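Here is how the chains run, residue by residue.
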Amino acid sequence: MNSSVCARCGAGGQGSFCARCGIPLHPTRLGSAAVRSRERRAWLVAAVSVGFLGIVAVWALRNRPAATPGPAVGAPEVADTEGTPPDLSTMSPRDRFDRLYNRVMRAAEQTDTATVARFSPMAFLAYEQLDSVDADARYHAAVLRLHVQGDTGTALRLADTIQTSAPRHLLAFLIRGTAARLIGNDRLLRRANADFLAAWEPEMKAGRPEYRDHMTMLEQFRDMARRSVP
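Note that the structure is a prediction, hence the values are computed from the model and not measured.

(A) Fine view of the packing of helix α2 (residues 93–109) against helix α4 (residues 135–149). Running from N to C, α2 and α4 cross one another at 35°; their axes reach a closest spacing of 11 Å. As α2 runs across α4, the sense of the crossing is left-handed. Of the residues in α4, those in contact with R94, F97, D98, Y101, V104 and M105 of α2 are D136, A137, H140, A141, V143, L144, H147 and V148.

Structure below.
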């Protein structure tokens, strides 16, 4: 297998993903004008797709028949509170990734496979284009790999990159536990549960901001781990 150099951190390695920062490894032509042009075209297509979806949503709302009130349903992630689709090209790389991640995960929860198939490639591209990658972004990328692609190998490597700077980071153990359940690896799951519980109190005291955003998921994992560990 040919060695590659990571375009972001400069680490060398083999395989499809950087062992240090977790992004896909590409040949050195990533910085070429041709690739930059292709990326711009990809975001243009994304913006057009989002705009079309917003137009369809507005048309549907204006032309739907009267119906009895039912449970409130959240607005699609591609539209803002005024029903105007956002312009992806004007967003920061992180805002773009977060918006697309939320769109894909909401569609996955609703078993909307067409939307997942449409927006998940954009979300992966947005992750590759991030200027910097923190633990929260790596966790989101791992969740996409697990739930959209069933790619446990890449997700576990992303967990490794989180633990490079924070060995007891709870999101890393959460990734490992989720991957273990997906592939039915009881040994990996037991280890993830035990490590998670051992790290819980000191990590809660650390007060990492990403924990606040994922507290419900962390508490659910903690409760399941407590029930499974003797």
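Read on for the rest.
(B) Spatial organisation of the packing of aromatic side chains. In this structure the tally under the stated criterion is four aromatic pairs. With 5.7 Å between their ring centres and 40° between their planes, F196 and W200 make a pair best called tilted. Here F196 and its partner W200 are both found in helix α7 (residues 186–206), four residues apart, which amounts to about one turn of the helix. Relative accessible area serves as the criterion here: at 0%, F196 is assigned to the buried category. Assessed through its relative accessible area of 10%, W200 is described here as buried.

(C) Structural view of the pattern of salt bridges. Under the criterion given, the structure shown has seven salt bridges. With a closest N to O distance of 3.2 Å, R94 and D134 form a salt bridge. Here R94 is found in helix α2, whereas its partner D134 is found in the loop between α3 (113–128) and α4, with 40 residues between them in sequence. The class for R94 is partly exposed, based on a relative accessible area of 23%. The exposure class of D134 is partly exposed, given its relative accessible area of 37%. A network of salt bridges, in which partner residues are shared, links R94, D98, D134 and D136.

(D) Local environment of α4. The end-to-end C-alpha distance of α4 is 20 Å, a good match for the 21 Å that 15 residues give at a rise of 1.5 Å each. Buried residues dominate α4, accounting for twelve of its 15 residues. Taken together, the buried positions of α4 are A135, D136, A137, R138, Y139, H140, A141, A142, V143, L144, R145 and L146. Where α4 is buried, its residues contact α2, α3, α5 (152–165), α6 (170–183), α8 (209–213) and α9 (215–228). Just beyond α4, the residue with positive phi is G150, at close to 65°.

(E) Structural context of the packing of α2 against α3. Two elements in contact, α2 and α3, have axes whose closest approach is 9 Å; the angle formed by their N-to-C orientations is 150°. Taken together, the axes of α2 and α3 are roughly antiparallel relative to one another. Crossing hand, α2 versus α3: left-handed. For the pair α2 and α3, contact is made by R96, F97, L100, Y101, R103, V104, A107 and A108 and by T115, V116, F119, S120, M122, A123, A126 and Y127, respectively. Broken down by class, the residue content of the contact of α2 with α3 amounts to twelve nonpolar, two polar and two charged.

(F) Examining the nonpolar core more closely. Counting 41 residues, the largest nonpolar core has F97, Y127, L144, L170, I175, F196 and L218 as the members making the most contacts within it. Secondary-structure elements contributing two or more residues to this core are α2, α3, α4, α5, α6, α7 and α9. In terms of residues, this core owes the most to one element, α4, which gives eight residues. Those residues within four positions of L170 in sequence are excluded, and the remaining contacts are F196, A199, W200, E203, M204, Y211 and L218.

(G) View of the environment of D98. Relative to the helices and strands, D98 is located in helix α2. The spatial distance from the C-alpha of D98 to the C-alpha of A137 is 8.2 Å, given a sequence separation of 39 residues.

(H) Just unusual backbone geometry, in detail. Positioned with a positive phi, T111 is a non-glycine residue whose angle comes to about 50°. Considering the arrangement of structural elements, one finds T111 in the loop between α2 and α3. Exposure remark for T111: the relative accessible area of 66% places this residue in the exposed category.

Rules of the game
Residues numbered from 1 in each chain as written. Predicted model: local features only at pLDDT ≥ 70, side-chain atom pairs only at ≥ 80, totals over all residues. Heavy atoms only, no water. Axes fitted to C-alpha atoms, helices over the stretch in contact; angles between N-to-C directions. Helix = DSSP H or I, 4+ residues; strand = E, 2+ residues; numbered from the N terminus. Left-handed = near helix turned anticlockwise from the far one by under 90°. Contact = heavy atoms within 4.5 Å. Phe/Tyr/Trp six-rings, centres within 6.5 Å; stacked < 30°, edge-to-face > 60°. Buried < 20%, exposed > 50% of the residue type's maximum accessible area, 1.4 Å probe, protein only. Salt bridge = Lys/Arg side-chain N within 4 Å of Asp/Glu carboxyl O. Expected span 1.5 Å × (residues − 1). Parallel < 35°, antiparallel > 145°, perpendicular 65-115°, else oblique. Nonpolar A, V, L, I, M, F, W, Y, C, P; charged D, E, K, R; others polar. Core = buried A, V, L, I, M, F, W, Y, C linked by side-chain atoms within 4.5 Å.

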